[in-house]
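Commentary on secondary and tertiary structure
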Amino acid sequence: MPDLMDTFLENRWMVQPNHANSLGTTHGGNVLKWMDEVGAMAAMRFAGRDCVTARMDQVDFKQPIPVGETALVEAYVYETGRSSVRVRLRVFREDPRSGERELTTESYSVYVAIDDDRDPVEVPALTVETEEGERLRAEALDGDNKESTS
Ligand SMILES: CC(=O)SCCNC(=O)CCNC(=O)[C@H](O)C(C)(C)COP(=O)(O)OP(=O)(O)OC[C@H]1O[C@@H](n2cnc3c(N)ncnc32)[C@H](O)[C@@H]1OP(=O)(O)O
């Protein structure tokens with residue numbers, strides 16, 4: 001049974017001019033693509049199977065990420081159904097020199113594990129065996145709950 005911390009993935013992109021909009025900050029479409037890619041990888045790490053995106057919930061763009069900074073995308077699985085896998089996604093702008101971070105974007109997404117015929121297939125149970133995992137799961141359930149009632 002996979003543990004929450006086994007699904008915790010981070011990926012970074014150095015934001016280049018070709019990622020930007022006319023304001024010199026990262027185009028929202030690029031941020032969404034990066035979120036979806038890391039989210040799918042977290043879901044697949046959990047399920048041990050291919051996973052497809054079924055839903056990206058409300059995406060809040062709180063701060064821009066300027067060209068020259070790093071976009072850091074964090075994803076982990078915090079809840080599961082029979083074949084569905086819920087993933088918390090957060091994006092930070094990170095100063096590549098100091099490592100200083102600020103939250104810019106967040107969302108809660110649903111992926112579905114599929115078999116070779118691309119039909120939904122059962123996923124294993126999620127375990128949470130560390131204090132850090134418990135903290136991350138509680139944060140995600142709380143954030144997801146607030147989002148669905150806002
Ligand atoms: C990483 C990528 O870029 S993938 C590319 C973008 N994504 C896609 O192309 C996916 C296209 N969609 C599909 O292939 C299908 O709709 C699927 C596989 C997501 C679902 O297939 P369906 O036959 O509708 O599945 P079914 O109704 O049996 O539901 C299966 C599970 O998906 C969940 N589900 C289906 N649609 C949604 C949705 N829109 N939002 C949330 N959950 C959903 C169901 O609740 C169910 O969960 P459970 O098994 O945990 O109870």
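By the naming in an unreviewed UniProt entry, the protein chain is Acyl-CoA thioesterase, taken from Halosimplex rubrum.

**Some thoughts on the overall build of the protein chain**
The number of helices and strands found in the protein chain is 2 helices and 6 strands. Each helix (α) and strand (β) of the protein chain, taken in turn from the N terminus, gives the series β-α-β-β-β-β-β-α. Here the protein chain has a C-alpha radius of gyration of 16 Å; the compact-globule value for 150 residues is 15 Å, and the two agree. Projected onto its principal axes, the C-alpha coordinates of the protein chain cover approximately 45 × 35 × 30 Å. The 150 residues of the protein chain split such that 44% are buried. With 17 positive and 29 negative side-chain charges, the protein chain shows a separation of 3 Å between the mean positions of the two kinds.

**Description of a negative patch on the surface**
Among the surface-exposed residues, Asp50, Asp116, Asp117 and Asp119 lie close enough to one another that they form a single negatively charged patch. Relative to the helices and strands, Asp116 is located in the loop between strand E6 (101-113) and helix H2 (131-149).

**A short note on the site of the ligand**
The environment of the ligand is formed by 13 residues, the closest being Thr53, Arg82, Ser83, Ser84 and Val112. Here a nitrogen atom of the ligand and a backbone polar atom of Thr53 are 3.0 Å apart. Within the complex, 46% of the 1000 Å² of free accessible area of the ligand lies under protein. When residues of the shell around the ligand are traced back to their parent elements, those giving at least two are helix H1 (28-47), strand E2 (51-56) and E6. Of the residues forming the shell around the ligand, the biggest block, 4 residues, is contributed by E2.

Procedures and definitions
Residues numbered from 1 in each chain as written. Predicted model: local features only at pLDDT ≥ 70, side-chain atom pairs only at ≥ 80, totals over all residues. Heavy atoms only, no water. Helix = DSSP H or I, 4+ residues; strand = E, 2+ residues; numbered from the N terminus. Rg over C-alpha atoms; globule rule 2.2 N^0.38 Å. Buried < 20%, exposed > 50% of the residue type's maximum accessible area, 1.4 Å probe, protein only. Lys, Arg positive; Asp, Glu negative; His and termini not counted. Charge placed at Lys NZ, Arg CZ, Asp CG, Glu CD. Patch = residues over 30% accessible without salt bridge, like charges linked within 9 Å, V, L, I, M, F, W, Y side chains within 5 Å. Areas by Shrake-Rupley, 256 points an atom, 1.4 Å probe, with all protein chains shown as cover. Salt bridge = Lys/Arg side-chain N within 4 Å of Asp/Glu carboxyl O. Near = heavy atom within 4 Å. Polar contact = N/O pair within 3.5 Å; in protein donor to acceptor, adjacent residues only side chain to side chain.

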